[in-house]
There are 2 protein chains.
Amino acid sequence: MGRKRLQESADGRPTVHTVAARAGVSIASASRVLNGVGGSPETIRKVREAAAEVGYVPNAIARSLQSQRTGLVALAVEDIGNPVYVEMMRAIESVVAASGRQLLVHATGGRIDNETALLRRLAHRYVDGMIVSPIRVTDDHLAALVDSPVPVVVVGQLAADAPVDNVRTDSRTGVGLAVDHLVAAGRRRIGFVNGPLDTVPGTARDAGFRAALTRHGIALDERLVEVGDFRYAAGRAATERLLARAHPDALVCANDLIAVGALHALLAAGRRVPDDVALVGMDDTELARMMFPQLSSVSLGSAERGRRAAELLLSRIADSSLPPRREQVAPSLAVRASSATAPLTVPAPAPPAPAPRTPEVTA
Amino acid sequence: MGRKRLQESADGRPTVHTVAARAGVSIASASRVLNGVGGSPETIRKVREAAAEVGYVPNAIARSLQSQRTGLVALAVEDIGNPVYVEMMRAIESVVAASGRQLLVHATGGRIDNETALLRRLAHRYVDGMIVSPIRVTDDHLAALVDSPVPVVVVGQLAADAPVDNVRTDSRTGVGLAVDHLVAAGRRRIGFVNGPLDTVPGTARDAGFRAALTRHGIALDERLVEVGDFRYAAGRAATERLLARAHPDALVCANDLIAVGALHALLAAGRRVPDDVALVGMDDTELARMMFPQLSSVSLGSAERGRRAAELLLSRIADSSLPPRREQVAPSLAVRASSATAPLTVPAPAPPAPAPRTPEVTA
DNA sequence: CAAACTCCCGGAAACGTTTACAGCAAGCAG
DNA sequence: CTGCTTGCTGTAAACGTTTCCGGGAGTTTG
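The rules we used
- Residues numbered from 1 in each chain as written.
- Chains lettered and ligands numbered in written order.
- Predicted model: local features only at pLDDT ≥ 70, side-chain atom pairs only at ≥ 80, totals over all residues.
- Heavy atoms only, no water.
- Least-squares fit on C-alpha atoms with pLDDT ≥ 70 in both.
- Contact = heavy atoms within 4.5 Å.
- Buried area = accessible area lost by both parts, 1.4 Å probe.
- Salt bridge = Lys/Arg side-chain N within 4 Å of Asp/Glu carboxyl O.
- Polar contact = N/O pair within 3.5 Å; in protein donor to acceptor, adjacent residues only side chain to side chain.
- Helix = DSSP H or I, 4+ residues; strand = E, 2+ residues; numbered from the N terminus.
- Nonpolar A, V, L, I, M, F, W, Y, C, P; charged D, E, K, R; others polar.
- Pairing = 2+ DSSP bridges.
- Axes fitted to C-alpha atoms, helices over the stretch in contact; angles between N-to-C directions.
- Core = buried A, V, L, I, M, F, W, Y, C linked by side-chain atoms within 4.5 Å.
- Buried < 20%, exposed > 50% of the residue type's maximum accessible area, 1.4 Å probe, protein only.

Colleague: I'd like a description of the relation of the copies chain B and chain A, backed by residues and values.
Modeller: Expressed as a screw transformation, the operator carrying chain B onto chain A has a rotation angle of 180 degrees and an axial translation of 0.1 Å, and the superposed copies differ by an RMSD of 0.2 Å. One copy is carried onto the other by what is essentially a two-fold rotation axis. Looking at the interface residues of chain B, 94% of them are also at the interface in chain A, so both copies use one shared face.

So this is what it looks like as structure tokens:
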């Protein structure tokens, strides 16, 4: 005698049918009670009881099929290990949670096929919408974004005419802020440690750096420019290569992870920060404040961008007929000890240290 | 004249019915072709063509309702900003991806209701399984884990008789390793900066610290113990409080974020690391290696735990009748500059600098 | 007391797939 | 030529919900 059909699900779990049968009511009534809409006191009692007895738990997939929404929102970023995304995620999460939805994060690892695959999978209705922050954008990818079956908001630069909601910042200008600051502090041999040039932020920051130097009438010494990826180890390695062939008096880094790598390379090479080399990171993440000395950093408003992106997404989920919108968040510079002009300011009074010695390399 | 029913979905998107009608075949044939199973060459052509013309994209929710699986796996952690979870996530992701599934991450923020809510929501079939690393466990919570509708693997300590797949480590012993090392290096006034005592790791590490001191016959000075949460800012604040009232010659921290906070507090207070105060963190994350000096840290095998947890989960998804399993990963200690007895070792061979100097931060 | 209104209930139709089943045509062996 | 196999096809039934709709009972109003 096989199990009764229409009573429990394939794997033996109770369904609304099970509950209804046990309570002696129709599935319609059971469903109503379970959703807290309608039902006489008696019916409510019976259904609640039956549900508790069999340990009923609703199948969200079935419910979603009916309601056409899952209550889930996804965020796809390249590297969850980058604190900038953590900040962005926190901002997004608080907006999303306030709307009664849940946020899921997916790390694409920067592999573009991965990201496209994610779109082609998650977006097939598993989530009500998604926020994507791609660092590389191909035509293919863009196409997938544009005709995604679910609302998508892109955080980052995008072709001007792409019909996709978009929150961006201006990292070109951001790099400019860093250079302005360093030049004002008297630095002239300003180096730049960047991420890959085949990424959107990589190219923007490179352009920003070159433009800023030009603006100040400083000729660019290519030996002062080095490229790795956007992570710590690469930043450190890139800085080591740079230091082996040039003598910067300041370094701008394309993000904070790279800046930390650079700091490590500088200290290991016996350069003092900021006395010998001033250092400015980018993204202004918590990591910058966790360093010693604390790192100056260009804020690209990641939390703000996240918040705005989440709001754009929610409004589009609510009304898909809205025209594509584009928002911009201005960069700003946070000056801290790593690029202070005055003698290194210590967060708290330091004890009289033995007179700092200048390593010969920079003497 | 309303749109034709059974032809397109509620929001106007094409369904398999649309494609079938357009191709002039039944939905069964259309579905078969779309899934690449069966179909005459002629049918295949017509269906493919029709699908392309209308831009058909299958509704994953409907498919999942039918197949009873989504191909998604979730990881729920307290704080995605903690690099230990990033490492764990990477390990899990590689196993999960190899099985053709996708990993989604959810940050619970340690709010236990949040985590229970997640279980009660995601687990209601949105995902095929989930890995949870709770830092607080109530009976309620445990109950939700035990009779979750989808397979769950817990990373972390759990009541011995809990019928849940479980990967754990022994952080008590882990703290012991740190203390042993410091004692062997001649340190005696060993302080401890912990996370909240109402968390599972918090209590375990506290117990481990006390047991280790006792084992070495060192009387515990309560002024050398301080508590915050598991993040950087709290770690720094806790260390500042501790330093204001006691004079440790070594500090053990309950994780690397706290250790970074402690390092910052120590340097700001003018203490040299490791000369005045030796420092040992825990979790052995990338962050420990990013500091200067690099931090010694107790590895709790987070990547390994992640890997094992993912494997447990996949095997349980494949066969839910397996008995609950429990695996253990042993801790180990990575000794680095922050607790080195010998003169500060520089992390990487510095460029052949004339007479290596001790970088000023630690001078 | 009849009519109108409220409330609650159950049947049945969705939501968009996959798939068991049966029918049918064509190919082949006897 | 008959009977069997093979390969496609379409019909319809699932998957587990929610919800529209019509009917029946009870209550209020004129």
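Colleague: How would you summarise the interface of chain B and chain A if you had to cite specific residues and measurements?
Modeller: Chain B puts 65 residues into the contact, and the matching count from chain A is 68 residues. Taking both partners together, chain B and chain A bury about 6,000 Å²; carbon and sulfur atoms supply 62% of that area. Counting across the chain B and chain A interface gives two salt bridges. Note that R90 of chain A is salt-bridged to D79 of chain B, the shortest N-O span being 2.6 Å. Applying the counting rule to chain B against chain A returns 13 residue pairs in polar contact (both at pLDDT 80 or more). Counting residues per element, the ones that place at least two in the side of chain B that touches chain A are α4 (60–67), α5 (83–98), β2 (102–107), α6 (112–122), α10 (232–245), α11 (256–268) and α12 (286–290) of chain B. Here the element with the most residues in the side of chain B that touches chain A is β2 of chain B; it accounts for six residues. Residues that form the side of chain B that touches chain A fall into these classes: 38 nonpolar, 13 polar and 14 charged.

Colleague: Describe in detail the sheet that holds strand β9 (residues 278–282) of chain A, supporting the description with residues and values.
Modeller: Adjacent strands of a sheet pair through backbone hydrogen bonds, lying either parallel or antiparallel. Residue and element names in this part refer to chain A. Read across the open sheet, the six strands follow the order β7-β6-β8-β9-β10-β12; overall the sheet is mixed. Among the strands making up the open sheet, the edge pair consists of β7 (225–227) and β12 (332–334). Shown here is a sheet whose adjacent strand axes are inclined to one another by a mean of 20 degrees, direction ignored. Across three bridges, the pairing between strand β8 (residues 250–253) and β9 is parallel. Opposite A250, over in β9, you have A278 as the bridge partner. Sitting on the sheet, helix α10 (residues 232–245) touches β6 (190–194), β7 and β8, and the angle it makes with β7 is about 150 degrees.

Colleague: Break down the nonpolar core for me, citing the residues and quoting the values.
Modeller: Soluble, globular proteins show a tendency: their nonpolar side chains are buried together. With 58 residues, the main nonpolar core has L279 of chain A together with L279 of chain B as its most contacted residues. Elements with a minimum of two residues in this core: α10, β8, α11 (256–268) and α12 (286–290) of chain A together with α10, β8 (250–253), α11 and α12 of chain B. Setting aside residues no more than four positions away along its own chain, L279 of chain A makes contact with L251, C253, A259, A262, L263, L266, V273, L295, S296, S338 and S339 of chain A. Counting residues in each nonpolar core, the second largest holds 52 residues, with L103 of chain A together with V73, V155 and L314 of chain B among its members.

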